[in-house]
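Structural features, examined
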Amino acid sequence: VNNFVVESFADTYPRVKFYTVRWDETPLSETDKFFQRFLETESLQNYREDFDEIVALIKIMGEQVGAAERFFRFEDAAQALPPKSTVYVRQLLVSDGQNTLRLYCTRLRDNIVVLFNGGIKSSQKVSDSPDLTTKFREAQHFAKKIDKAIQEKDILMDEENGVLSAPNPSDEMLIY
Amino acid sequence: MVSNYFQKAVSEVKPETEIFVKHYLDITTCILNLMEEHGMTQKDLAAALDKNASEINRWFKSDHNLTLKTLSKIEALFGVSIIEVNKPANFAEKSTIKRTRLASHTPQQSANKVESSIA
């Protein structure tokens, strides 16, 4: 039930290749769900400027500046991070602090980022933001599983070219 | 491969939003580099600018916009220019012309012109 696929989200930028995750047997990736929701839901259009800042940040990182560590920040780090893990759940750090949206991700390298889902942060803590609690928990699940898959070589990481692939490149990167 | 939703979102981003994010990334990167060159921590920078360390932290953690006044203080502190204004060769000359035109066309003259056209 918890199986998911790691797949490309935007791989045409020179500085960063963005990946996403999709629950197995579902049509939309988690990041597409985030984008679809904020693009198409009429009642969420008042978040449009915040959303656009996230979009611009992804584009500028991909095109020009790379996925530097400081463009990301931890979310509820104490709860989120297993002490010895090398992969953490982060959120994109978007310029203006008035931004109330969060898009979770894991930054694997300066040139590889896996984007997850996100939503509206309505209070100081994620646990008090109903729109984020499930997505944050899922993001933790994705980040841990991806970390494990990379360590166990179920996902191969070509750091030079920013490419993730299955051991057999024609296979999907399915994670159990 | 690029997600269709992402492509759509990128195509709809307003130019000013992209410019704002780019400026923010460039300016904060520039300040962080200057701090690193001078072996300065956020606490040191706060002390030098007479600000709270928490405020400095917010600049880099996205909770606070830098003001032009603060940027000027940082430029003075490090003795370098962080923001540059594109000025054409005849920038000063053009500004003078504009001011001259404005001065020769006072609000009273404009009002008179309107009145005479109504009459």
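I will try to describe carefully the structure that is included in this document. (Residues numbered from 1 in each chain as written. Chains lettered and ligands numbered in written order. Predicted model: local features only at pLDDT ≥ 70, side-chain atom pairs only at ≥ 80, totals over all residues. Heavy atoms only, no water.)

Here we look at the packing of aromatic side chains
Remark: the centre distance and the inter-plane angle together describe each pair of aromatic rings, the angle taken between the planes. The following threshold applies: We call Phe, Tyr and Trp rings a pair once their centres come within 6.5 Å, taking the six-membered ring for Trp, and we label the pair stacked below 30 degrees between planes, edge-to-face above 60, and tilted otherwise. Only DSSP runs of H or I covering at least 4 residues are called helices, and only runs of E covering at least 2 are called strands; the numbering of each starts at the N terminus. Per-residue accessibility, obtained with a 1.4 Å probe over protein chains only, is compared with the maximum for each type, and a residue is labelled buried under 20%, exposed over 50%, and partly exposed between these values.
Tallied over the entire structure, the rule returns 16 aromatic pairs over all chains. Between phenylalanine 4 of chain A and phenylalanine 142 of chain A, the aromatic rings sit 4.8 Å apart at their centres with planes inclined by 75 degrees, giving edge-to-face as the arrangement. Linking phenylalanine 4 of chain A in strand 1 (residues 4-10) with phenylalanine 142 of chain A in helix 4 (residues 133-151), this pair joins segments that are 138 residues apart in sequence. Residues tyrosine 13 of chain A and phenylalanine 18 of chain A carry aromatic rings whose centres are separated by 6.4 Å and whose planes lie at 90 degrees to one another, so their mutual orientation is edge-to-face. In terms of burial, tyrosine 13 of chain A and phenylalanine 18 of chain A fall into one category: buried. Here the aromatic residues Phe9, Tyr13, Phe18, Phe34, Phe35, Phe38, Tyr47 and Phe51 of chain A together with Phe6 of chain B are joined through ring pairs into a cluster of three or more.

Some points on the side chain of threonine 28 of chain B
The condition is simple: Here a polar contact means two N or O atoms within 3.5 Å. Within protein one must be a hydrogen donor candidate and the other an acceptor candidate, and residues neighboring in sequence count only if both atoms are side-chain atoms. Here a residue-residue contact requires only that any non-hydrogen atoms of the pair lie within 4.5 Å.
Residue position: threonine 28 of chain B is located in helix 2 (residues 15-37). Only 2.8 Å separates the side chain of threonine 28 of chain B from the backbone oxygen of tyrosine 24 of chain B, close enough to count as a polar contact. Beyond its immediate stretch of four places on either side in the chain, threonine 28 of chain B contacts Arg70 of chain A together with Trp59, Phe60 and Leu66 of chain B.

Here's the deal with helix 2 of chain B
Since the α-helix advances by 3.6 residues per turn, residues separated by three or four positions end up pointing in the same direction. The cut-off we apply is this: Given a helix with a known number of residues, its expected span is that number minus one, times 1.5 Å.
Across its 23 residues, helix 2 of chain B extends 33 Å between first and last C-alpha, which sits within 8% of the 33 Å expected from 1.5 Å per residue. Considered for burial, the residues of helix 2 of chain B that qualify are Thr17, Val21, Tyr24, Leu25, Ile27, Thr28, Ile31, Leu34 and Met35 of chain B. Where the residues of helix 2 of chain B are buried, they touch helix 2 (48-65) of chain A together with helix 3 (42-49), helix 4 (53-60) and helix 5 (68-78) of chain B. Remark: glycine 39 of chain B follows helix 2 of chain B within two positions and exhibits a positive phi of approximately 60 degrees.

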